[in-house]
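Coordinates in review
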Amino acid sequence: MRRRTFLKAAGGAAGWSLAGPGPVLAADAEIELAPATPGPVISPHLYGHFIEHLGGVIYDGIWVGRNSKIANVDGIRRQFVDDMKRLGAPNLRWPGGCFADGYHWRDGIGRQAERPRTYNYWQRQMPPGADATETNQFGIHEFMRLCRLVGAQPYLAANVGSSTPKEFHDWVSYCNAPAGTVSLAEERASNGDKEPFGVTYWGVGNESWGCGGNMTPAEYAAHYRRFVTQFPGYTRPFLVATGPRGHSADGDIGWTTGFFEAMRGAPPPDGFSIHYYTDLRRTKVKPGDFNAAEWYEVLLRGVRLEKVIEEHWNEIGKFDAAHRTKFVIDEWGVWYAPGSEIKPAYILSQPITLRDAVHTGMAFDIFNRQAGKVAMANVAQTINCIHSLFLADGDQYCRTPAFHVFDMYRPHMGGRMVPVRMQFPELNVPVLEGTARLPGLSSSASIRERRLTLTLTNPSLSDAVAIRVRLAGQSRATEARAAVLTHSDMRATNSFAHPDVVKPETLQVETRSDSVEFRIPRQSVVAVELAI
Ligand code: AHR
C-alpha cells in the first residue's frame, strides 16, 4: 500500500496565497488541467436531494409542526432550511421512493386536521409496536413551501404502481395550471396557492421493477407511454422513466435493454433513473465500527458506479445514437445493514463517518466527470435516512461529515467540467475477500468565471500525497485556497453530543509562477480553488 514518500512539507500561508518563492515539493502526483478547453456544464442538479415519507425523514426530520418548540418556519424545521440554503440545494425529490407508488396526492391537501390517516408502505419494516401511519400533514403545499424556502426545484415522483394516468394528470394540473383556468387550479388557490407551482421534473414511478409494481421492462414501458402521452402541457416537463437497479451484480443492464426495446417508436424520456446504492446490507460491514478492509470495501463498491453509468450509456446508444435521454441518479448512497438507527422507529437511519464522506467525494467526482451523461443526482436521503447530511431527533440536530463534502464541492455547481490529466498508481488494498485495486486518487475539476475548482480524494489509510498542479496553455493561477476534510480516526463521526468532530479545515497551498503545490493527507477530501 505504500507509495513514494512525501519529501518536503508544503510552505505558504493558509487561505488565499499569492505567487512567490518557497521550498519545492517532490511531487508524488503531477496533475495537468486545461481550463481554456472545458467540457460540458456540470448541472447544479448533480448536487440534489431526496426526502421520503419513511422513518424520521419527513416527520421530525423536516416537519416538526407549527406549534413545535423546535424553531420552525410554518412547521418546517428552521435549521434544516438554513442548512439547505447554505448548500444551494438545487432540487428536492419527494414523496418517495417506494412510498411514492402507494401515495395518493389528494390525501395531502386541504385542512390538515381533516386529512385522512393512511397506510404507509414502510409499515412492514417498522419495529414491532411502532407505527408508520401516514398523517398526511406534509403534502404538496407544505412540500412546495419547503422548496421555496430553500430555493430548490421540486422533483415529484408520481404513483404508477397503484394509480392511474388520470390521477397523475390531475396532480400535474393541480400543480401547474395557471390561476383562473381549470377547476383544479381553483382548488389549489382555495388551499392557499393561487399561483402555479411550475413543476418541471416528474418521475413516472419509482423502482417499477420492485416496490413500484414488480413489472417487467416491457410492462413498465407500456405504463410509461400511457402515463405520459396525455401529460397536461402547462409547463414543459422533464420526464424521468424508471431505470435500472445499478448496484445489482450485473448492473441490471437487462432492464435498460428491455425498456428501450419496448419504447421503439415512442418519444424517449428526458431522464432515465439509475439507483446506485453502495449496498453493504448483506455484509458484516457496520456503519460506525470497522477495520481497514471494511473501509476500502465501501470505497471500492462506490467507484463501480462510473462503470455502471458508462455501460448503460453505451446500451442506450444502441437505440438512440443521439442520446436524447440523460441519466438521473435519483438514489445514491452507502447503505449498511440495520442495527445502528438513531432510534428504532427511525428506520434506515445510520451514523455517517469519515469513510462515507470520502465516498461522497468520490461519487461527486464521478458525477462531474460524467457531466455530459448525467442530468441530475439525488442523495438518498438528505436527513435521518441512509447517506444523510443531517441527523435530527426532536431538538437534537447535527450535520454529518457528508454535509461538509456537499459544501466543499459547491463551487462545481454550474461550472464547466475541466478534464484532469494525472498519472498516479492504483492502490493494492485489503477488502472483504482478499485484495483489490482501487484508484489511488479520485479527482474532478471545473471552471466558472475564472475560478478553477479542483477536488481530490485520497482513500489511502496510510499515505499522504504531494500534488503539483500545472495549468496548460497560457493560464496562470494568481491566487489559491484549499480546504481539507479529514481526521486521524477513520471512524470519526459527528453526533448530537459532538457535532463538530469532522469538519473542514484550511489546507496550505503554495502558488508558484507555473504550478500550485499542496499535500493531500491520507483519508481525506480536498477542494482547491484557483483564481486564474
Ligand atoms: O431510499 C430508501 C428506498 O430505497 C427507496 O424508497 C427505494 O426507492 C429504494 O429501494
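Scoring rules and cut-offs
Residues numbered from 1 in each chain as written. Predicted model: local features only at pLDDT ≥ 70, side-chain atom pairs only at ≥ 80, totals over all residues. Heavy atoms only, no water. Buried < 20%, exposed > 50% of the residue type's maximum accessible area, 1.4 Å probe, protein only. Helix = DSSP H or I, 4+ residues; strand = E, 2+ residues; numbered from the N terminus. Pairing = 2+ DSSP bridges. Axes fitted to C-alpha atoms, helices over the stretch in contact; angles between N-to-C directions. Core = buried A, V, L, I, M, F, W, Y, C linked by side-chain atoms within 4.5 Å. Contact = heavy atoms within 4.5 Å. Parallel < 35°, antiparallel > 145°, perpendicular 65-115°, else oblique. Left-handed = near helix turned anticlockwise from the far one by under 90°. Nonpolar A, V, L, I, M, F, W, Y, C, P; charged D, E, K, R; others polar.

**Some remarks on the pairing of strand E20 (residues 451-458)**
- Burial analysis of E20 places seven of its eight residues in the buried class, which makes it a mostly covered element.
- Hairpin connection from strand E19 (residues 442-448) to E20: two residues lie between these consecutive antiparallel strands, with Glu449 at a positive phi of about 50°.

**Looking at helix H10 (residues 401-409)**
- Within H10, nine of the nine residues are buried, which leaves the element mostly enclosed by the surrounding structure.
- Pro401, Ala402, Phe403, His404, Val405, Phe406, Asp407, Met408 and Tyr409 are the residues of H10 that are buried.

**Let's talk about the sheet that holds strand E16 (residues 420-422)**
- Spatially, five strands are ordered E16-E2-E21-E25-E24 in an open sheet, and the strand pairing comes out mixed. With one partner strand each, in any of the chains shown, E16 and strand E24 (509-511) form the two edges of the open sheet. Neighbour to neighbour, the strand axes of the sheet diverge by 25° on average, direction disregarded.
- Where E24 meets strand E25 (residues 516-520), three bridges bridge the pair, whose relative direction is antiparallel. Opposite Thr511, over in E25, you have Val516 as the bridge partner.

**Points about the nonpolar core**
- Formed by 123 residues in total, the largest nonpolar core has its most connected members in Trp94, Ile140, Phe143, Leu146, Trp202 and Phe259.
- No other element matches helix H9 (residues 354-369), which puts eight residues into this core.
- Ignoring sequence-local partners within four residues, the contact set of Phe259 consists of Pro217, Tyr220, Ala221, Tyr224, Ala241, Pro269 and Phe272.
- Leu454, Val509, Ile520 and Leu530 belong to the second largest nonpolar core, which has 28 residues in total.

**Quick word on the packing of helix H5 (residues 217-229) against helix H6 (residues 253-262)**
- At a closest axis distance of 8 Å, the pairing of H5 and H6 adopts a crossing angle of 45°. The orientation of H5 relative to H6 falls into the category oblique. H6 is crossed by H5, and the crossing has right-handed handedness. Here H5 contributes Pro217, Ala218, Tyr220, Ala221, Tyr224 and Arg225 to the contact with H6, which in turn contributes Gly254, Trp255, Gly258, Phe259 and Ala262.
- Residue composition of the contact of H5 with H6, grouped by class: eight nonpolar, two polar and one charged.

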